[in-house]
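These are the residues of each chain, in order.
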Amino acid sequence: MPCNKSKYAIRSRRGLTLVEATSGFIVIIPIALGVIDLVALISANEINEQWAEMACRAAATRQSANTAQKAAQNCLDDFEPQSVAKQINLVQVQFDPAKGQVSVVTEMVTKMPVPIPFVGDINLKTASTQPIVGIPAPE
Amino acid sequence: MHTRAPGRTHKRFARRQDGASIALIAICAVVLIISAFGIFQYYSVTGGSRQLRNAVDAAVLNVSKRVCEVRVPADKEYLDCAGQSKQVGLGNINRIWGKALLINANQEAMMKEGSATGQSSGAADTAFSIANNMNTTLYSSLTNASTLDNFFQQLAAYRGASLLGADTPISKSQPTGVRVAMVNRGQGANLSYRPTQFPKGITIPGVKQGSTEYLAGYVPVAANNRQFCFTPFPPNEMPHLISDTIFDQNTVEAKPIQASATPLPNAFRSLGEATGLRGTLTASACAVANPQRQYAIAIPHAFINIQMDNVSKWYVEGKLVKTIPYQFEPKKLLGVDGLPLKNGGVVHGYAWVGKEYSPSATIWQILNAVPGDRTEPLNRMIQRIQEIQPNFSLQQLQGLLRSQTQTGQISKYVIFPVYQDETNSNPQIQIQPINGNLPAWLTPQVIAEGSQMIVAQEPKQVDSPNYAWAMEPGVKKRAELSGKYMWKPGTGFGQSLGELQLSRTTEIFFDSEGP
C-alpha cells in the first residue's frame, strides 16, 4: 500500500521535527532567559555602583560620622524603585577623619526578570571610598 | 546525462531534513551564548572604565585635599602666622604673604611721607625675602612628584576596577605623574582685608564677596615696588573636581603668573591606569584644592606705644634758665630762684604746672586735657591697630584709653593683642603700662624703625590752666601751655607698629616790667 507508506513517512517526519524543536527549545530558552537575567543583573549592578558613588560623595562633604550617615541616606532616599532594581539600602558608612576617608557600602535588592527556581531576590553589594572634603585642612 | 535512482534521492533528502531543526537550534544557541559573552565583555570594559574614572576622580580629589597637609617650617619672624604647628602650608601661606604685604605697605607709606629710614627699608626687605624663601620651599614640596603620587596612591589603593579582572589595582600612569595648575585666577584668596587696614595712599586690589573683601589670587599686588602673589581659595568652597579644559587653560605654561616665579599651585591633575585581564585603560581627573580656612590680613604679634611727658621751661628775660619735668598732676614749682633782671632787680619765679590734669586721670583724659584736634594721631593709631585687629574702631580705642588710669611716674603704655589660642585670630586689644602684665611674645624694648614726625599740635594756652607768679613786684610773668603729638611709625616687622608721643610743655617767662 504505497499511499499508506507515504502517510506514515510524513507523520514520522513531523513528529521528529516536533521532538527536535522541543528538545532545542529546552536548550535555547534557558539560555535566552539566562541572558535576560544577566543583562538585568549587569544593569542593577551598574545602578548600585552609581548610587554608592553618589552616596559616598555626599557623605564626604560632611564633618562628622552622624552627618555623613544622614547625607548618604538622604542621597539614597532619592532612589526610585524600578522593575529590576527594587530597593537600595545603606549597609555601612565608615567615616574615618584620621585617614581622611569615608567608605559607603550599599546593597541593591534586585528582582530577576526571569525568576530562578528556589532563588528569590538577589542582593548586590558594592562599596565606594572617597576623601573627606568637608573637614577643613588642619591649622 | 546522469540519472539517480529515485529511492536514493529521497533518502538523502530525508537525511537533511532530519538534522535541520537540531542545526538551527544549535546555531541559535551558539549565537545566544556569543551574544551573552559579548554583552558581558562590553559591560566589563565600559563598567571597568567607569570604575577607573571614579577611582581616579577620588584619588585626584584626595591629592587636592591632602596637599594642604604639605608644610614647611615657618621662619621665626612669621611664627605668629603659622598657628599651632609652627609650619606653613597652602592653608596659611596667604597669611604669611599678608603680613609681608602690610609691612611693605607701611614702608611705602613711610617713604611717601618721608619718615622711612634705612632700618625700616631693611625690615621691609627682610620681611619680603623671608616670605619668598618660605614660598619657594613650599613650592618645591607641593610640586614634589613623590609626595603627590603618595596622596594619589593613598586613595587609589582602596579602589579598583574589578570589572577589568579580579583585584585590578589603580595606579598612577607613568611617566606623567601629578601635574599642577593655577586656577580661579582673580578670585579671592582665603585672606580678607579692610581697605582701612592699609596706610593712607596704599590701594590694594581685592575681590568683594558679600560684605567682605578678599585679596585677589594670582593677581599682582604691589607694595614698596614689590609684587605679592596670593593663592586663591574662594570662601565656602570644598576641594572639588574641575574639567580638563579649565585645568589646561590655567597651567603656568599656558598662562604664566606675572606676580611670582614660584606661584603655589591650587589645582592638580593625574592620570590613572588599570591593567586587568581585559586590557589596560587610563583615565585622568583634575581637582582644585581649598583648605577651607579663612583669615584676616594681620600682623598678629605687634603692638603700638603711647608715651606722654610734661616739661616746664623757665625763661628769664627771654633766656632759658631751667627745665623741670612734671608729672600728670598739679604741682607748684619754684623754677627761678633769685635770678637778676635787666632792671637790676631779682626774680623768684613760681608756677603752677600740671593743672591741666585731674588726679587719677585716664590716658584718654590726659590726651584730651588741653583743647586741640587729635584726629590725625588717633587715626594713625587706629590704622596701625587695625593691622592687628581689622575691625578695631575709634570707639574701641576711646574705650581702651578710658580704661587705663595713669599711675605713678609711668608715662609709657603698650597697646597689644591678646589671643585665645595659638591660631592668633580674633584678638582682644588691651593696654598696659610698659612694666605691666605683657604677653610673653611681646618685646617692649623694640622701637619703631621710622623717623619721628609731628602729626598734631595743640594751640597755646596762656596763663590757664597753668600760671606763673613772682615774689617781686614789677615782674612780667607769663605761662604758655602747648602740646605736640609726634608719631614714629614702625613697619611691624620687629613687632612695633608705631609710637605716639605726646609732649606737653609749659613755658614760663619772667621779664622786667616797662622800658
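Residues numbered from 1 in each chain as written. Chains lettered and ligands numbered in written order. Predicted model: local features only at pLDDT ≥ 70, side-chain atom pairs only at ≥ 80, totals over all residues.

Asks: Which residues make up the overall build of chain A, and what are the values?
Replies: Secondary structure assignment for chain A yields 2 helices and 3 strands. N-terminal to C-terminal, the α/β element order of chain A is α-α-β-β-β. When each of the 139 residues of chain A is scored for burial, the buried share is 27%. (Helix = DSSP H or I, 4+ residues; strand = E, 2+ residues; numbered from the N terminus. Buried ≥ 20, exposed ≤ 12 C-beta atoms within 10 Å, placed from the backbone.)

Asks: So, the overall build of chain B: which residues are in play, and what are the values?
Replies: Looking only at helices and strands, chain B features 8 helices and 24 strands. Seen through its principal axes, chain B has C-alpha atoms that stretch 175 × 35 × 35 Å. Long-range pairs, those at least 24 residues apart, make up 72% of the contacts in chain B between residues at least 6 apart in sequence. (Contact = placed C-beta atoms within 7 Å.)

Asks: Describe helix H3 (residues 118-142) of chain B, naming the residues involved and giving the relevant values.
Replies: Residues and elements named next belong to chain B. With 25 residues, H3 should cover 36 Å at 1.5 Å per step; its first-to-last C-alpha distance of 36 Å lies within 8% of that length. For H3, the set of buried residues is Ser120, Ala123, Ala124, Ala127, Phe128, Ala131, Met134, Asn135, Leu138 and Leu142. The inward-facing, buried residues of H3 abut strand E1 (71-73), strand E2 (87-89), helix H2 (93-113) and strand E9 (226-228). (Expected span 1.5 Å × (residues − 1).)

Asks: An account of the environment of Tyr139(B) is requested, with residue identities and associated values reported.
Replies: All names here are of chain B. Tracing the backbone through its elements, the reader meets tyrosine 139 in helix H3. Through-space distance from the C-alpha of tyrosine 139 to that of valine 70 is 9.9 Å; in sequence the pair is 69 residues apart. Those residues in contact with tyrosine 139 that lie beyond four places of it in its chain are Thr262 and Leu264.

Asks: Explain the interface of chain B and chain A residue by residue, including any values.
Replies: Each side of the interface is counted separately: chain B has 36 residues, and chain A has 28 residues. Residues of the side of chain B that touches chain A, tallied by class, amount to 18 nonpolar, 12 polar and 6 charged. (Nonpolar A, V, L, I, M, F, W, Y, C, P; charged D, E, K, R; others polar.)

Asks: Could you give me a rundown of the sheet that holds strand E6 (residues 206-209) of chain B, with the residues and numbers involved?
Replies: All names here are of chain B. Strands sit in the order E6-E7-E5-E13 across an open sheet of 4 strands; the sheet is mixed. With partners counted over all chains shown, the strands left at the sheet margins are E6 and strand E13 (295-296), one partner each. Of the strand pairs in this sheet, E6 and strand E7 (residues 212-216) are connected by 4 bridges, and their pairing is antiparallel. Opposite valine 207, over in E7, you have tyrosine 214 as the bridge partner. Here H2 sits on the sheet and contacts strand E5 (188-193) and E13; the angle it forms with E5, its principal contact strand, is near 45°. (Pairing = 2+ DSSP bridges. Axes fitted to C-alpha atoms, helices over the stretch in contact; angles between N-to-C directions.)

Asks: Quick rundown of the nonpolar core? Include the residues and the values.
Replies: Of all hydrophobic cores here, the largest spans 133 residues; its most connected members are Ala59(A), Val60(B), Val63(B), Ala267(B) and Ala287(B). The element contributing the most residues to this core is H2(B), with 10 residues. Residue contacts for Val63(B): discarding those within four places in its chain leaves Leu148(B), Phe151(B), Phe152(B), Val178(B), Phe268(B), Ser270(B) and Ala287(B). Of all hydrophobic cores here, the second largest spans 14 residues; its members include Val316(B), Leu333(B), Leu341(B) and Phe510(B). (Core = buried A, V, L, I, M, F, W, Y, C linked by C-beta atoms within 7 Å.)

Asks: Describe the packing of H2(B) against H3(B), and please don't skip the residues or the numbers.
Replies: All names here are of chain B. The contact between H2 and H3 brings their axes to 9 Å, and the two run at 160°. Of the possible angle classes, the one that applies to H2 and H3 is roughly antiparallel. Once H2 is placed against H3, the crossing between them reads as left-handed. Together, Ile93, Ile96, Trp97, Ala100, Ile103, Asn104, Gln107 and Met110 of H2 and Ser120, Ser121, Ala123, Ala124, Ala127, Phe128, Ala131, Met134, Asn135 and Leu138 of H3 make up the contact between the two elements. Grouping the amino acids of the contact of H2 with H3 by side-chain chemistry returns 13 nonpolar, 5 polar and no charged. (Parallel < 35°, antiparallel > 145°, perpendicular 65-115°, else oblique. Left-handed = near helix turned anticlockwise from the far one by under 90°.)

Asks: Go over the environment of Ile36(A) with me, naming the residues and quoting the values.
Replies: Residue and element names in this part refer to chain A. Within the secondary structure, isoleucine 36 sits in helix H1 (residues 2-60). With 16 residues separating them along the chain, isoleucine 36 and alanine 52 place their C-alpha atoms 24 Å apart. Dropping the residues within four chain positions of it, isoleucine 36 is found in contact with Pro113 and Val114.

Asks: Which residues make up the domain arrangement of chain B, and what values go with them?
Replies: For an interface, size is often stated in terms of accessible area lost upon the parts coming together. Residue and element names in this part refer to chain B. As assigned here, chain B comprises domain 1 (43-296) and domain 2 (303-512). Each of domain 1 and domain 2 was reduced to a C-alpha centroid, and the two centroids are 49 Å apart. The interface is formed by 24 residues belonging to domain 1 together with 17 residues belonging to domain 2. If you list the elements that add at least two residues to the side of domain 1 that touches domain 2, you get H2, H3 and E13. Of the residues forming the side of domain 1 that touches domain 2, the biggest block, 6 residues, is contributed by H3. Residue classes in the side of domain 1 that touches domain 2 are distributed as 11 nonpolar, 11 polar and 2 charged. (Domains from an automatic or database assignment.)

Asks: Describe the sheet that holds strand E16 (residues 331-340) of chain B, with residues and values.
Replies: Residue and element names in this part refer to chain B. The strand order across the open sheet built from 3 strands is E16-E17-E22, with neighbouring strands paired in antiparallel fashion. The strands lining the two open edges of the sheet, one partner per strand, are E16 and strand E22 (467-470). For this sheet, the mean inter-axis angle between neighbouring strands, taken without regard to orientation, is 20°. Relative to E22, strand E17 (residues 346-353) runs antiparallel, the two sharing 4 bridges. Along E22, the bridge assignment pairs tyrosine 350 with tryptophan 469.

Asks: Talk me through the pairing of E16(B); I want residue IDs and the actual numbers.
Replies: All names here are of chain B. Pairing geometry for E16 and E17, over 8 bridges, is antiparallel. Bridge pairing links leucine 333 to alanine 351 in E17. Hairpin connection, E16 to E17: the antiparallel pair is bridged by 5 residues, and glycine 344 has positive phi, about 95°.

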